[in-house]
Amino acid sequence: MTKINFSDEYFMKQALREAQMAAQKDEIPVGAVVVCNDQIIARAHNLTETLHDVTAHAEMLAITGAAEYLGGKYLNECTLYVTLEPCVMCAGALNWAQIKKVVFGASDEKRGFMKHTPPIFHTKAQIQGGILADKCSEMVVDFFKNKR
């Protein structure tokens, strides 16, 4: 049986679905999925307001779900797709989880990890940004526009 090789856009669209669920709950619309062997093993979206927990970011919840699914704490064969560039907290957690690859949609000029030095991720980790960036950014911008 041949494995289906899904594209980065397909998985980012799945993360966007999670972001839409966050927006429906009046959460900042960030969604994430963790993929291992071309299969989504965890899905999550921001729940900081719902859970009254500043650490309940989509990435953190996705890490927990993926680790539980795999039965171990390391995600060194996994890729995280997330609609917004991870913050320093999430990047640190992804580093500790030894994530193989991070693919994000929109950059986060205020709180994203990319502007921090020294680099947070392990030197072997692959980082890719800009997948469906306009769509991902639009969700966050619209959310805050509606808040004001």
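Just so you know, these numbers come straight off a predicted model, no measurement behind them.

Draft legend 1. How the structure looks around the layout of surface pockets. Estimates place the volume of the largest pocket at around 760 Å³. Residue assignment for the lining of the largest pocket shows that the elements contributing at least two residues are α2 (48-51) and α5 (133-147). Looking at which element gives the most residues to the lining of the largest pocket, the answer is α5, with five residues. In terms of residue class, the lining of the largest pocket is built from eleven nonpolar, five polar and nine charged.

Draft legend 2. Just helix α3 (residues 58-70), in detail. Between its first and last C-alpha, α3 extends 18 Å over 13 residues, near the 18 Å set by a 1.5 Å rise per residue. All of the buried residues along α3 are Ala-58, Glu-59, Ala-62, Ile-63, Ala-66 and Ala-67. Angularly, the buried residues of α3 cover 155° about the axis, an arc narrow enough to put them on a single face. Check the buried side of α3 and you find it contacts β1 (31-36), β2 (39-45), β3 (78-84) and α4 (88-96). Gly-71 sits one or two residues past α3 and shows a positive phi near 75°.

Draft legend 3. Representation of the UniProt feature "active site" (unreviewed entry) in the protein chain in the model. Cross-referencing UniProt, the feature "active site" (unreviewed entry) maps to Glu-59 in the present numbering. Here Glu-59 falls in the buried class, since its relative accessible area comes to 4%. Sequence-distant contacts of Glu-59, defined by excluding residues within four places in its chain, comprise Ala-32, Leu-80, Val-82, Leu-84, Pro-86, Cys-87 and Cys-90.

Draft legend 4. Fine view of the packing of helix α1 (residues 8-24) against α5. One way to put it is that α1 packs onto α5 with a least axis distance of 11 Å and a crossing angle of 5°. Taken together, α1 and α5 sit at an angle that is classed as roughly parallel. Contacts between α1 and α5 involve Met-12, Leu-16, Ala-19 and Gln-20 from the former and Lys-135, Cys-136 and Met-139 from the latter.

Draft legend 5. Seen up close, α1. With 17 residues, α1 ought to run about 24 Å at 1.5 Å a step, and its terminal C-alpha atoms sit 25 Å apart, in line with that. Those residues of α1 that sit buried are Phe-11, Met-12, Gln-14, Ala-15, Leu-16, Glu-18, Ala-19 and Ala-22. Taken from the residues just after α1, Asp-26 is the one with a positive phi, measuring 65°.

Draft legend 6. Main features of the nonpolar core. With 39 residues, the main nonpolar core has Val-34, Leu-80, Ile-99 and Phe-121 as its most contacted residues. When residues of this core are traced back to their parent elements, those giving at least two are α1, β1, β2, α3, β3, α4, β4 (101-106) and α5. Contact partners of Ile-99, with chain neighbours within four places excluded, come to Leu-75, Cys-78, Thr-79, Leu-80, Leu-94, Phe-121 and Ala-125.

Draft legend 7. Inspection of the side chain of Glu-85 at higher detail. Among the secondary structure elements, Glu-85 is positioned in the loop between β3 and α4. Within the local environment of Glu-85, its side chain forms a polar contact with the backbone nitrogen of Met-114, the two atoms lying 2.7 Å apart. If near-sequence neighbours (up to four positions away) are discounted, Glu-85 is found in contact with Phe-104, Ala-106, Ser-107, Asp-108, Gly-112, Phe-113 and Met-114.

Cut-offs applied
- Residues numbered from 1 in each chain as written.
- Predicted model: local features only at pLDDT ≥ 70, side-chain atom pairs only at ≥ 80, totals over all residues.
- Heavy atoms only, no water.
- 1 Å grid on protein atoms, 1.4 Å probe; cavity = no way out; pocket = protein on both sides within 12 Å on 5 of 7 lines; lining within 4 Å.
- Points joined across faces, edges and corners; volume = space filled by probe spheres on them.
- Helix = DSSP H or I, 4+ residues; strand = E, 2+ residues; numbered from the N terminus.
- Nonpolar A, V, L, I, M, F, W, Y, C, P; charged D, E, K, R; others polar.
- Expected span 1.5 Å × (residues − 1).
- Buried < 20%, exposed > 50% of the residue type's maximum accessible area, 1.4 Å probe, protein only.
- Arc of directions from axis to C-beta.
- Contact = heavy atoms within 4.5 Å.
- UniProt positions renumbered as here; feature names shortened; annotations may be inferred.
- Axes fitted to C-alpha atoms, helices over the stretch in contact; angles between N-to-C directions.
- Parallel < 35°, antiparallel > 145°, perpendicular 65-115°, else oblique.
- Core = buried A, V, L, I, M, F, W, Y, C linked by side-chain atoms within 4.5 Å.
- Polar contact = N/O pair within 3.5 Å; in protein donor to acceptor, adjacent residues only side chain to side chain.

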